[in-house]
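One-letter residues, chain by chain:
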Amino acid sequence: MAKTLTIIFGVILVLLGLLGLTSNSLIGANALFTADTMYNVIHFVLGVILLGVAFWASESSPFWLKVIGAVTFLLGLLGLLTVPSAGGSLLGIAYTNGASDWLHLVLGAAIFVAGMYSKGDGGMTMPPMSSTPSNPQRII
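Report on the accompanying structure. (Residues numbered from 1 in each chain as written. Predicted model: local features only at pLDDT ≥ 70, side-chain atom pairs only at ≥ 80, totals over all residues. Heavy atoms only, no water.)

### Focus: helix α1 (residues 2-20)
Phase 1 of the analysis: Taking 1.5 Å of rise per residue, 19 residues should cover 27 Å, and α1 covers 27 Å from first to last C-alpha, within 8% of that figure.
Phase 2 of the analysis: Considered for burial, the residues of α1 that qualify are Ala-2, Leu-5, Thr-6, Phe-9, Gly-10, Leu-13, Val-14, Leu-16, Gly-17 and Gly-20. Along α1, the residues classed as buried sweep out an arc of 160° about the axis, all on the same side.
Phase 3 of the analysis: Summarising the contacts, the buried residues of α1 are in contact with β1 (27-28), α2 (37-56), α3 (61-82) and α4 (98-117). (Helix = DSSP H or I, 4+ residues; strand = E, 2+ residues; numbered from the N terminus. Expected span 1.5 Å × (residues − 1). Buried < 20%, exposed > 50% of the residue type's maximum accessible area, 1.4 Å probe, protein only. Arc of directions from axis to C-beta. Contact = heavy atoms within 4.5 Å.)

### Overview of unusual backbone geometry
Phase 1 of the analysis: The backbone of Leu-91 shows a phi angle near 60°, a positive value even though the residue is not glycine.
Phase 2 of the analysis: Here Leu-91 lies in the loop between β3 (88-90) and β4 (94-96).
Phase 3 of the analysis: For Leu-91, a relative accessible area of 58% translates into the label exposed.

### Notes on the nonpolar core
One recurring pattern in soluble globular proteins: nonpolar side chains tend to sit buried together.
Phase 1 of the analysis: Formed by 19 residues in total, the largest nonpolar core has its most connected members in Phe-9, Leu-13, Tyr-39, Leu-50, Leu-65, Leu-107 and Ile-111.
Phase 2 of the analysis: Every element with two or more residues in this core is listed here: α1, α2, α3 and α4.
Phase 3 of the analysis: The element contributing the most residues to this core is α1, with 4 residues.
Phase 4 of the analysis: The residues contacting Leu-50, other than those within four sequence positions of it, are Thr-6, Phe-9, Gly-10, Leu-13, Trp-64, Leu-65 and Ile-68. (Core = buried A, V, L, I, M, F, W, Y, C linked by side-chain atoms within 4.5 Å.)

### Quick notes on the packing of α2 against α3
Phase 1 of the analysis: Two elements in contact, α2 and α3, have axes whose closest approach is 9 Å; the angle formed by their N-to-C orientations is 170°. Taken together, the axis directions place α2 and α3 in an arrangement best described as roughly antiparallel. With respect to the hand of their crossing, α2 and α3 are arranged in left-handed fashion. Contact residues: Tyr-39, Ile-42, Leu-46, Ile-49, Leu-50, Val-53 and Ala-54 in α2; Ser-61, Trp-64, Leu-65, Ile-68, Thr-72 and Leu-75 in α3. (Axes fitted to C-alpha atoms, helices over the stretch in contact; angles between N-to-C directions. Parallel < 35°, antiparallel > 145°, perpendicular 65-115°, else oblique. Left-handed = near helix turned anticlockwise from the far one by under 90°.)

Structure follows, in structure tokens:
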């Protein structure tokens, strides 16, 4: 379950990053969700990290979901607290607006909760059952 959620959120973040680099009215410089090139690169990198974890270290998927979720949530929270809702620079590195900040809050919370409530793919399964008893007793 954790690996699947990691793939899903990884793909979402990669697509958000790529969509923001194209001219559209949803995500971009003059769009509903304001995001500049730096923010799009951040989305893309976070998504690639999740996809890499899902395919090469799936046992640590819950941990990375929590980390990426917390980072995304905190970026949204910082944006809400420090950037005017009409738009502005977040920490001097990325441009954002109120709609984008709310998107980050919701997405970050969803990713974090997925990490909290998903089970890791490694070490959580029961060992195989043997068809013969481990200590057979002879009946005389």
